[in-house]
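Residue strings, one per chain:
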Amino acid sequence: MGNCTSNSGGVVVEQKSRLQDSAARDSGVPPPPNPPTKSNGCVKVAEAVVPSTIENDGYQIPINVYSYSPSTLRAVAFFIHGGIFYHGDKESHPTISNGLAELGLLVVTASFRNGEEAPHETNITMQDLTDVIHYCKERWSGIPFGLVGSSSGGFFALRLSQSLVSASVDFCIPICPVADPFKRASYLRSSISGSARSEGFASFHSSEKSLQILEKQLSFWKDDDSMKEAGESLRSRQAPVPTLLIIGSADKNVPLSITLDVQSWADRTVCLGGKGHELCDKIVEGGGYDCYLSDINRFLEFCLAQNDRGTE
């Protein structure tokens, strides 16, 4: 993808992202007016907002758009950040956003509402995410579109790809997803009570750490019934969206048992031995064996080839 690599330092301000404007003109949808743009090496980051469609809401969903200057645009990817269903924003996990952009993806991130501000029962989180998806589909019409998500964001990516917008999603890449919130809550409760090892978990958090995670997760889900329904919705495949599942064998936040159902139907599962939840927070620098970008690149080649054949 060229000789230029991303660098987290030396952010400069420019007027617009050329790739963003070009894609917008091609789709017939005008770009936001003069979005400020930062640059991390060859990866340019443009800022914009997406109006909420919730009646009388008035919320403007802040988004970032990452593009890699020398590359040809392969697809648009909405990367949904993690954060225990509680926190995070469009700036979360920047090395993943940069890494995906360097693969030739135009990457969109968003500061959607969740946690105490927008618990599950309000449906605000799913509506915010759906609004961003519709924005992407309209603005970059005709370009393949996919969902990527890490941790809790991985759950949302899976749920959306399999339900609300399945006909519009060309690929889905969940990274260490909380694929079954109830199973994750049960594991955390076992860690809190001290029974995790006897229940078969090889590695687990301390009771204090588990309690912190559980409290944040419950700020969104509120009750076990909601979490059970969420897990059951991903028990089997509902839509033929090509899915690449990326997990770590030593993940204390999302043990392997949390993703077993998705493992059974995902097209590909990449499990990195000895790796934990750090996989969903940042890309390993240097592109070594522990870096899963090569797996994503190969998967994208397959998905986009399938997409090309489907449009012939």
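In this report, the structure presented in the accompanying data block is examined. Please read these numbers as outputs of a predicted model, since none were measured by experiment. (Residues numbered from 1 in each chain as written. Predicted model: local features only at pLDDT ≥ 70, side-chain atom pairs only at ≥ 80, totals over all residues. Heavy atoms only, no water.)

### As for the overall build of the chain
Helices and strands together make up the secondary structure of the chain, namely 9 helices and 10 strands. Looking at the 312 residues of the chain, the share that counts as buried comes to 54%. Put simply, the chain shows about 13,400 Å² of open surface, and 48% of that area lies on carbon and sulfur atoms. (Helix = DSSP H or I, 4+ residues; strand = E, 2+ residues; numbered from the N terminus. Buried < 20%, exposed > 50% of the residue type's maximum accessible area, 1.4 Å probe, protein only. Areas by Shrake-Rupley, 256 points an atom, 1.4 Å probe, with all protein chains shown as cover.)

### Side note on the side chain of H93
Checked against the element boundaries, H93 lands in the loop between β5 (75-80) and α2 (94-102). Using a relative accessible area of 10% as the deciding quantity, one classes H93 as buried. Separated by 3.4 Å, the side chains of H93 and S150 make a polar contact. If we skip the residues at most four places from it in the chain, H93 touches F79, H81, G82, S150, C280 and D281. (Polar contact = N/O pair within 3.5 Å; in protein donor to acceptor, adjacent residues only side chain to side chain. Contact = heavy atoms within 4.5 Å.)

### Some remarks on the nonpolar core
Most often, soluble globular proteins have nonpolar side chains that are buried together. Residues I63, F78, I80, V108, L147 and F156 are the most contacted members of the largest nonpolar core, which totals 54 residues. Ranked by the residues each element gives to this core, the list is headed by helix α3 (residues 124-139), at 6 residues. Each residue touching V108, except ones within four places of it in the same chain, is listed here: I63, N64, V65, V76, A77, F78, F79, V132, C136 and W140. (Core = buried A, V, L, I, M, F, W, Y, C linked by side-chain atoms within 4.5 Å.)

### Section: the pairing of strand β4 (residues 60-68)
Buried residues dominate β4, accounting for 7 of its 9 residues. Sheet topology places strand β3 (residues 43-51) next to β4; 9 bridges connect them, and they run antiparallel. Across the sheet, the residue bridging to A48 is I63, located in β4. For β4 and strand β6 (residues 105-110), the ladder comprises 4 bridges, and the chain directions are antiparallel. Its bridge partner lying in β6, N64 is registered against T109. (Pairing = 2+ DSSP bridges.)

### Comments concerning the packing of helix α6 (residues 207-221) against helix α7 (residues 224-232)
It is at 9 Å that the axes of α6 and α7 come closest, and there the two elements cross at 85 degrees. The orientation of α6 with respect to α7, classified from their angle, is roughly perpendicular. Listed contacts from α7 to Q217, L218 and W221 of α6 are S226, M227 and A230. For the contact of α6 with α7, the residue count by class is 4 nonpolar, 2 polar and no charged. (Axes fitted to C-alpha atoms, helices over the stretch in contact; angles between N-to-C directions. Parallel < 35°, antiparallel > 145°, perpendicular 65-115°, else oblique. Nonpolar A, V, L, I, M, F, W, Y, C, P; charged D, E, K, R; others polar.)

### Description of the pairing of strand β7 (residues 145-150)
A regular strand carries its side chains on alternate faces of the sheet. Along β7, 6 of the 6 residues are buried, which leaves the element largely enclosed by surrounding structure. Of the two faces of β7, the one holding F145, L147 and G149 and the one holding G146, V148 and S150 are both buried throughout. Two elements, β5 and β7, share 5 bridges in a ladder whose sense is parallel. Within β7, the position partnered with I80 by the bridge is G149. As judged from the 5 bridges shared by β7 and strand β8 (residues 171-175), these two strands associate in the parallel manner. Across the sheet, the residue bridging to V148 is I173, located in β8.

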